[in-house]
Amino acid sequence: KGLLEPGVSKVEAFLPLQHTGAVPDAPDAGEEGEDGMPVEVPLEDNPHCYAGARSFVHVIISLANPIVPPKPPLDPTPPVQLQEARNIKRFQTSAEAAQVYMGSLERCLAVLSEEYAAYAAAHPEQNQQEAFAGLLKYVKGTGRYAQLLTDVRAACLQVVRERVRKEGEYVPGKQATEELRDRLLSESFAYLRQQLAKVLSHPEGKPFGIAVEQKPHPRAQQLLDGAREMDSKFARIAAECEASGHWDRAAQYFQNRLVLECNAGEAGIPVWFDFARFCMRVGGRQAAAEEALKAALELAPTGEMLKKVTLMLASVLLDRGRCKDAIYYTRSLWTQDRTDEIVNFLLAMQHFAFKQYKMSRRFLYLSHRPKDFFIGCPDEAAIFNKVKLYCNEDSDDDEPAAKNAPGVTRATLQRPKRLLSPHIENSAALDVLDMLVEWGLPDLVLLVYADMGCLHKDTLSSERLCLILARAWMLRRDYVPAISQLEHISALSGSNVADILCAESCFQLEDYDRSAEKIEKVLQEGGEQVDFVPFTRLGAIHLLRRRWIQARERFLEAIRLNPSSTDAWFGVAVAALREQELGEAHEAVREASILDDHRPDVWAIATIVHVKLENADLANKSFTHMLQHNLTNYDLLIEAGQCFLRPSGMPAQPKIAHAAAQRALDLGCMTGEAHVLMAEALVLMDKANAAVLQLQLAIGLISDTVRRSVVEHRALEICKELNDPPLAEAVHLAMKKAEQQDAEMSRSIG
């Protein structure tokens, strides 16, 4: 092959020698075997074959003339066509094309600005719109208009060409599809209008009064509307997942919201902020909340959103023990507005946590001062000097309280982590505490309440503070003190909010009767102003108590108030299925799957309903979706698998039941029912011996004696059919071991 290269007439190579010895009692290569085919003896299978060490043949092949003549040398002077081609401007990046387009627009604007001044002076009777229309007619009659139009058209073509060149779906030399062509044109059109709007928003463009319609292309508007619809759906599902305790799914939906087109740029700041609040509410995700808030700050929020993001970031940093960073972010807001009560109170908290008690007292004093107090104080030093006069700060030490303040005792001075209670009620304190609870920072609330000692006695006895403290305890998953606070509020004022929170706390503690009692009280007193959430929670309690009719009624009330509640439709489907109302169950589970098609328990109920309705294809598809979305409910997994063992009007599918049982065992199901399901599936798969082994495991796991006796009878029945006495003896040993375990448990309990 080397001699076939252009101009090559000589090649050389080093070839190693190999020696092959005869294999004893083995056929030679090429001889016919028993099947009449030639026998091949592989080189690597022959133990007598080896390569000679340091034995080579040096081969040199030289020709008088090369087989392929050499290529002629290149002419150092390129032709005229190539020289002209080199002078053509080639865009290496789309940024150059955008720069040329912006330059052409600016040149057009400069020409129009130059002509507009002269034309407007010559026609003073015309307004802006008439003058601009007349200016266009005048410019079109000159030669400058044709040149400007040519430049803009060439720049637009360059932009479109660069977008087509960088499009991954476009294949050069082939005609683009209609969908690809429409998308490229719509995106290019939207980009060109956006750049034109930027040029016209320049101060030089304002004299023309040119108004650019910010209406996107119909295709782009359609995509944007679809993204907004998906965003609202993801937000709704994330809220439902958070309420039901599925925090990982909720986090996934928040992340899905962040990649939507409608949340790109500044529009995504509220989504980042909501994601940070979610991370703090569920607990254990403080680092993710900090990153989300920093990402929101990178998008340059303004106004009230800038204040909220900065204050929450500072609070998260304070909760994580990084006091210096928290003070840095809060100070950035304080330099802009030193009269803000909330900012001053947060600075008092941060300096207190940093053990800078003198600074903490100063900012605490500023947090309840009117704005007139800051008149005549141009800088920070002037403000603190004025505070020092009002607070009688005679020394520069950093004691927790001034010795000459009224009400100071020796016991107070001996507590270095506690500030003096103010003699006036501080309205900013409750606003800050309410804000911290809303952001999911209960530890900071308890810091203000228990350690700082800065709350007025009237504030300490207020209903609002009790509600804030109860919500803080609930965020810490400490429901007993929360119920105590809420019961106190309910007894004093009969607040429906306190009753709802108390019912939720009782539900989390699995005190369902007390929770239902509180919700029923709220529903009787609330009337038409009650939200759908109490109905959904009460319906879930009725499902746990197996009150199917009452559960369905409550879920239907929730649907009447909020038709897009997946939990309510799912509850109706479960209640109707238990009542054998398959038609209603089918309609309800269909609505639930439309509202949330990634919810595994919805697909589990759909599987059971379709099996009972003898819809084999839909049942198999629903079961596949259930496994794909990782159902973790053992009971639903086992129930869905049992439906495929003995379906009415459908052939049994033991492999599907076996898959359901295996998934339940992989998830750690220790009730024994998964082994029973797998045993029944193995019997139908003609694997009775393995089925008996699974039943033996189930006997050792099932604690209910009645249910265990049924499983034992089934195991002995299979052994009798197999006529296998040793296997039956193993079943009897498992039964005896289970009885011993029951006896030991009874003795330990007694």
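Here goes a summary of the coordinates provided.

The rules behind each value
- Residues numbered from 1 in each chain as written.
- Predicted model: local features only at pLDDT ≥ 70, side-chain atom pairs only at ≥ 80, totals over all residues.
- Heavy atoms only, no water.
- Helix = DSSP H or I, 4+ residues; strand = E, 2+ residues; numbered from the N terminus.
- Contact = heavy atoms within 4.5 Å.
- Salt bridge = Lys/Arg side-chain N within 4 Å of Asp/Glu carboxyl O.
- Buried < 20%, exposed > 50% of the residue type's maximum accessible area, 1.4 Å probe, protein only.
- Expected span 1.5 Å × (residues − 1).
- Arc of directions from axis to C-beta.
- Axes fitted to C-alpha atoms, helices over the stretch in contact; angles between N-to-C directions.
- Parallel < 35°, antiparallel > 145°, perpendicular 65-115°, else oblique.
- Left-handed = near helix turned anticlockwise from the far one by under 90°.
- Nonpolar A, V, L, I, M, F, W, Y, C, P; charged D, E, K, R; others polar.

## Things to note about the environment of leucine 682
Part 1 of the reasoning: Turning to its location among the elements, leucine 682 is positioned in helix H31 (residues 673–684).
Part 2 of the reasoning: Separated by 28 residues in the primary sequence, leucine 682 and proline 654 have C-alpha atoms spaced 7.3 Å apart.
Part 3 of the reasoning: Not counting the four nearest positions on each side in its chain, leucine 682 is found in contact with His658, Lys687, Ala688, Ala690, Ala691 and Gln694.

## A word on the side chain of glutamate 240
Part 1 of the reasoning: Within the fold, glutamate 240 resides in helix H6 (residues 218–243).
Part 2 of the reasoning: Excluding residues within four positions of it along the chain, glutamate 240 makes contact with Ser564, Ser565, Thr566 and Asp567.

## A few points about the environment of serine 427
Part 1 of the reasoning: In this fold, serine 427 is placed in helix H16 (residues 427–438).
Part 2 of the reasoning: Placed 60 residues apart in sequence, serine 427 and serine 367 show a C-alpha to C-alpha distance of 8.7 Å.

## Observations regarding the pattern of salt bridges
Part 1 of the reasoning: By the definition in use, this model includes 36 salt bridges.
Part 2 of the reasoning: Among the salt bridges present, the one from arginine 590 reaches glutamate 591, with a minimum N-O distance of 3.8 Å.
Part 3 of the reasoning: Overall, the relative accessible area of 35% leaves arginine 590 in the partly exposed class.

## So, helix H20 (residues 479–493)
Part 1 of the reasoning: In a regular helix each residue adds 1.5 Å, so 15 residues correspond to 21 Å; H20 covers 21 Å between its end C-alpha atoms and thus fits that length.
Part 2 of the reasoning: Those residues of H20 that fall on the buried side of the exposure criterion are Tyr479, Ala482, Ile483, Leu486, Ile489 and Ser490. Each buried residue of H20 lies within a common arc of 130° when the element is viewed along its axis, so the set occupies one face. Exposed side of H20, more than 90 degrees from the buried face: Val480, Ala491 and Leu492 are the residues found there.

## Quick look at the packing of helix H10 (residues 303–319) against helix H11 (residues 323–334)
Part 1 of the reasoning: The interhelical angle for the contact between H10 and H11, taken along N-to-C directions, is 160°, at an axis separation of 7 Å. Between H10 and H11, the angle is such that the two are roughly antiparallel. Seen along the crossing, H10 lies across H11 with a hand that is left-handed. Between H10 and H11, the contacting residues are Lys307, Thr310, Leu311, Leu313, Ala314, Leu317 and Leu318 on the first element and Cys323, Asp325, Ala326, Tyr329, Thr330, Ser332 and Leu333 on the second.
Part 2 of the reasoning: Here the residues of the contact of H10 with H11 are counted per class, giving nine nonpolar, three polar and two charged.

## A closer look at unusual backbone geometry
Part 1 of the reasoning: Even without being a glycine, arginine 546 presents a positive backbone phi close to 60°.
Part 2 of the reasoning: Following the sequence through the fold, arginine 546 ends up in the loop between helix H23 (532–544) and helix H24 (548–561).
Part 3 of the reasoning: One non-glycine residue, asparagine 723, lies in positive phi territory at about 55°.
Part 4 of the reasoning: Along the chain, asparagine 723 falls in the loop between helix H33 (705–722) and helix H34 (725–749).

## Observations concerning the packing of helix H26 (residues 582–595) against helix H27 (residues 600–612)
Each pair of packed helices gets described by two things: the angle between the helix axes and the distance between those axes.
Part 1 of the reasoning: Between H26 and H27, the shortest axis-to-axis distance is 10 Å and the interhelical angle comes to 145°. By crossing handedness, the relation of H26 to H27 is classed as left-handed. Of the residues in H27, those touching H26 at Leu582, Ala585, His586, Val589, Ala592 and Ser593 are Val602, Trp603, Ile605, Ala606, Val609, His610 and Lys612.

## Brief notes about the environment of lysine 294
Part 1 of the reasoning: Take lysine 294: it is sitting in helix H9 (residues 286–298).
Part 2 of the reasoning: Given a relative accessible area of 26%, lysine 294 falls into the partly exposed group.
Part 3 of the reasoning: Along the sequence, lysine 294 and leucine 313 sit 19 residues apart, while their C-alpha atoms lie 7.6 Å from each other.
Part 4 of the reasoning: Setting aside its immediate chain neighbours within four residues, lysine 294 contacts Leu313, Arg322 and Tyr329.

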